[in-house]
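Secondary and tertiary structure notes
What follows is each chain in one-letter form.
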Amino acid sequence: MSDTGTGLDRVHSVGGCLMRIAYGGFASLYLLAGLIAVHHELPQIWLIAFAAAANAAALAPGRWRIRAAVDAGALSLLGTFYVSTAVDLHHSNPGVFAEIGGLLIVIARVVWKAPRDRLVPLAVLLGAAVLAVPLRWSPVAALVFTAPLGITVAVALGVGLYLRAVDARRARSLAAARRDERLELARDLHDFVAHHVTGIVVQAQAARFAARSGAAQSPERLDTMFAGIEKAGTEALTSMRQMVGLLRDAQHTGAADGEAFGAAGTTAGAAGTAGGAAGEAATRPVGDLGRLRDLVAGFADPPATLALAPDLGPLPPEVAASVHRVVQESLTNVRKHAADAASVRVAVARAAGGSVEVSVRDDGQGRGRRLPSSGFGLAGLSERVDALGGRLRAGPRPEGGWEVVALLPAAAKE
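The written sequence of each chain sets the order in which its residues are numbered from 1. Residue-level local features of this predicted model are given only where pLDDT is at least 70; pairs of side-chain atoms are given and counted only at 80 or more, and the full residue set underlies all totals for whole chains, interfaces and linings. Values reported for side chains reflect all heavy atoms of the structure, with hydrogen atoms and water molecules removed beforehand.

1. Thoughts on a nonpolar patch on the surface
- Note that patches include only residues with greater than 30% relative accessible area and no salt bridge, and the join distances are 9 Å for like charges and 5 Å for nonpolar side chains (Val, Leu, Ile, Met, Phe, Trp, Tyr). All accessibility values rest on the Shrake-Rupley procedure with a 1.4 Å probe; residue burial counts only the protein chains present in the view. The salt bridge definition used is simple: a Lys or Arg side-chain nitrogen within 4 Å of an Asp or Glu carboxyl oxygen. On the surface, Val140, Leu143, Val144 and Phe145 cluster together into a nonpolar patch covering about 440 Å² of accessible area.
- Strands here are runs of E lasting at least two residues and helices are runs of H or I lasting at least four, both read from the DSSP assignment and numbered beginning at the N terminus. Assignment of secondary structure puts valine 144 in helix H6 (residues 139–213).

Take a look at the structure:
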């Protein structure tokens with residue numbers, strides 16, 4: 001799995017914690033000041049407690065979000081019913097503003113993150129809790145303040161729906177990038193399977209021709225023929241097994257999102273595949289490193305150098321194709337995001353355990369031009385590497401610049 005995505009998730013998590021701490025501190029100070037101001041009246045203290053519950057729900061972590069929202073909405077409605085029927089409030093309470101603000105945050109969070117089957121009931125419960133707050137004083141207050149509060153509820157709903165749509169669109173794009181990378185690798189594996197099967201047929205025909213010619217064949221020569229057939233068959237089965245697994249997984253990529261896929265997205269992906277088939281056939285790498293040299297040699301801004309380890313040896317075709325893909329995507333990212341780089345170093349070498357390590361390192365600082373990017377290139381690349389049982393790491397270098405390092409399991413071919 002890519003370490004880049006893990007690092008970004010960690011940064012987002014820390015940022016969310018800091019925001020919760022800041023908001024919680026501000027809300028606590030505000031409610032404490034309100035409590036000091038109204039501590040001599042018990043009904044007013046209850047209103048402060050309702051506000052504290054609403055703000056606690058606004059700060060609840062993800063796994064308690066739904067339960068906290070239900071509790072806060074129900075408590076606010078019950079409090080409104082009790083205060084409006086059994087208590088006569090003579091003046092306003094500063095905690096009401098904190099309660100309404102907390103409930104609006106809860107509405108936005110619930111609409112953003114709640115499962116679809118719970119979305120409408122929760123939104124109705126929380127919206128009703130906000131709109132009913134003025135009833136604590138009088139029906140006249142409710143008539144005056146319901147419309148403004150309705151606008152704030154609508155804004156909170158809009159914010160939640162917008163964030164939900166952004167997440168769904170990003171999930172679709174990420175799933176599409178991963179699916180496309182898997183299908184591209186499956187197409188490569190299909191070509192390699194055809195190559196292996198062709199080799200089996202040719203060697204079998206050669207063995208039949210030798211048998212029909214009547215010429216005596218030494219055991220060593222027969223063993224060599226059958227060993228070649230066995231090796232090609234084994235490689236074909238391995239590639240076929242990987243291809244079937246990739247195609248099966250590609251159908252379920254992003255299925256956890258549930259709401260992110262539809263017929264339109266499928267049709268668009270199919271149209272893109274059909275429209276680009278001719279171009280991809282010319283650009284997809286073959287099962288060797290020959291095109292890698294041409295790729296690096298053609299990258300002149302900034303200049304790139306390629307270092308192939310002497311002990312690298314022949315690689316399985318799917319691994320060689322993935323090496324080409326890692327270098328291609330990394331060089332594209334250098335051109336987009338590191339225009340100030342003076343050099344790029346590409347290296348392919350053997351690592352411990354017979355794995356292949358491919359690295360692309362530049363010395364840029366991220367200054368200069370920044371071309372548009374979908375942001376999903378590394379996600380698709382990580383999907384391809386993971387499918388082969390490898391590992392991808394992308395991030396800044398301690399000495400400056402950026403590096404992409406992929407470790408691919410690959411035993412040397414004999």
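Picking up after the structure, the text goes on.
2. As for the sheet that holds strand E4 (residues 391–396)
- Pairing between two strands is assigned when DSSP locates at least 2 bridges connecting them. Reading across from one edge, E1-E2-E3-E5-E4 is the order of the five strands in this open sheet, with mixed pairing throughout. The open sheet is flanked by strand E1 (304–308) and E4, the only strands paired with a single partner. Here the average twist between neighbouring strands, direction ignored, is 10°.
- Taken together, the six bridges between E4 and strand E5 (residues 402–408) define a ladder with antiparallel strand orientation. Axis lines are fitted through C-alpha atoms, for helices just across the contact stretch, and the angle between N-to-C directions can take any value from 0 to 180 degrees.

3. Considering the environment of arginine 67
- Relative to the helices and strands, arginine 67 is located in helix H3 (residues 65–86).
- Considering only alpha carbons, one finds arginine 67 and alanine 57, 10 residues apart in sequence, at a separation of 8.6 Å.

4. A word on the pairing of strand E3 (residues 356–362)
- For E3, a buried count of five out of seven residues is recorded, marking the element as mostly surrounded by other parts of the structure.
- Sheet topology places strand E2 (residues 344–350) next to E3; seven bridges connect them, and they run antiparallel. Pairing of arginine 345 across the sheet is with arginine 361, part of E3.
- Here E2 folds back onto E3, and the loop between the two strands holds five residues, one of which, glycine 353, carries a positive phi near 80°.
- Bridge analysis of E3 against E5 gives seven bridges, and the strand direction is antiparallel. Bridge pairing in E5 links valine 356 to leucine 408. Buried means the residue's accessible area, taken with a 1.4 Å probe over protein chains only, is under 20% of the maximum for its type, while exposed means over 50%, and partly exposed covers the values in between.

5. Focus on the pattern of salt bridges
- As enumerated under the stated definition, the model contains seven salt bridges in all.
- The partner of glutamate 403 in a salt bridge is arginine 393, with the nearest N and O atoms 2.6 Å apart. Here arginine 393 lies in strand E4 and glutamate 403 lies in strand E5, a separation of 10 residues in the sequence.
- Taking the relative accessible area as the measure of exposure, arginine 393 reaches 32% and is therefore partly exposed.
- Across the pair arginine 397 and glutamate 399 runs a salt bridge whose closest N-O atoms are separated by 2.6 Å.
- Classification of glutamate 399 as exposed rests on a relative accessible area of 57%.
- Overlapping salt bridges bring together Arg361, Arg393 and Glu403 as one network.

6. Re the confidence of the model for the chain
- Scored by pLDDT, the chain has a mean of 76; 75% of the residues are at 70 or more.
- Every residue in residues 1–8 is under pLDDT 50, and counting partners more than four places away or in other chains gives nine contacts.
- Think of pLDDT as the predictor's per-residue confidence, scored from 0 to 100. Should any heavy atoms of two residues lie within 4.5 Å, those residues are considered in contact. Confidence over residues 253–287 falls short of pLDDT 50; this stretch has 35 contacts with residues more than four positions distant or in other chains.

7. A look at helix H4 (residues 95–113)
- Here the expected length of a helix is defined as 1.5 Å per residue gap, with one fewer gap than residues. The end-to-end C-alpha distance of H4 is 27 Å, a good match for the 27 Å that 19 residues give at a rise of 1.5 Å each.
- In terms of residue burial, H4 counts as a mostly covered element, since 14 of its 19 residues are buried.

8. Concerning the nonpolar core
- Val323, Val327 and Val344 are the most contacted members of the largest nonpolar core, which totals 32 residues.
- Breaking this core down by element, the ones donating at least two residues are helix H10 (290–297), helix H11 (317–337), E2, E3, helix H12 (377–387), E4 and E5.
- The element contributing the most residues to this core is H11, with seven residues.
- Every residue in contact with valine 344, bar those within four places of it in the chain, is listed here: Phe299, Pro302, Pro303, Ala304, Thr305, Leu331, Val334, Val360, Arg361 and Asp362.
- Take the buried Ala, Val, Leu, Ile, Met, Phe, Trp, Tyr and Cys residues and link them wherever side-chain atoms come within 4.5 Å; each set so joined is a nonpolar core. Counting 26 residues, the second-largest nonpolar core is a separate cluster that includes Val106, Leu122, Leu126 and Val133.

9. A look at the side chain of arginine 397
- Within the secondary structure layout, arginine 397 lies in the loop between E4 and E5.
- Note on arginine 397: relative accessible area 12%, which makes it buried.
- For the purposes of these results, a polar contact is taken to be a pair of N or O atoms within 3.5 Å, where, inside protein, one atom must be able to donate a hydrogen and its partner to accept one; residues adjacent in sequence count only when each atom of the pair is a side-chain atom. Within polar-contact distance, the side chain of arginine 397 engages the side chain of glutamate 399 at 2.6 Å.
- Ignoring sequence-local partners within four residues, the contact set of arginine 397 consists of Arg345, Arg361, Asp362, Asp363, Trp402 and Glu403.

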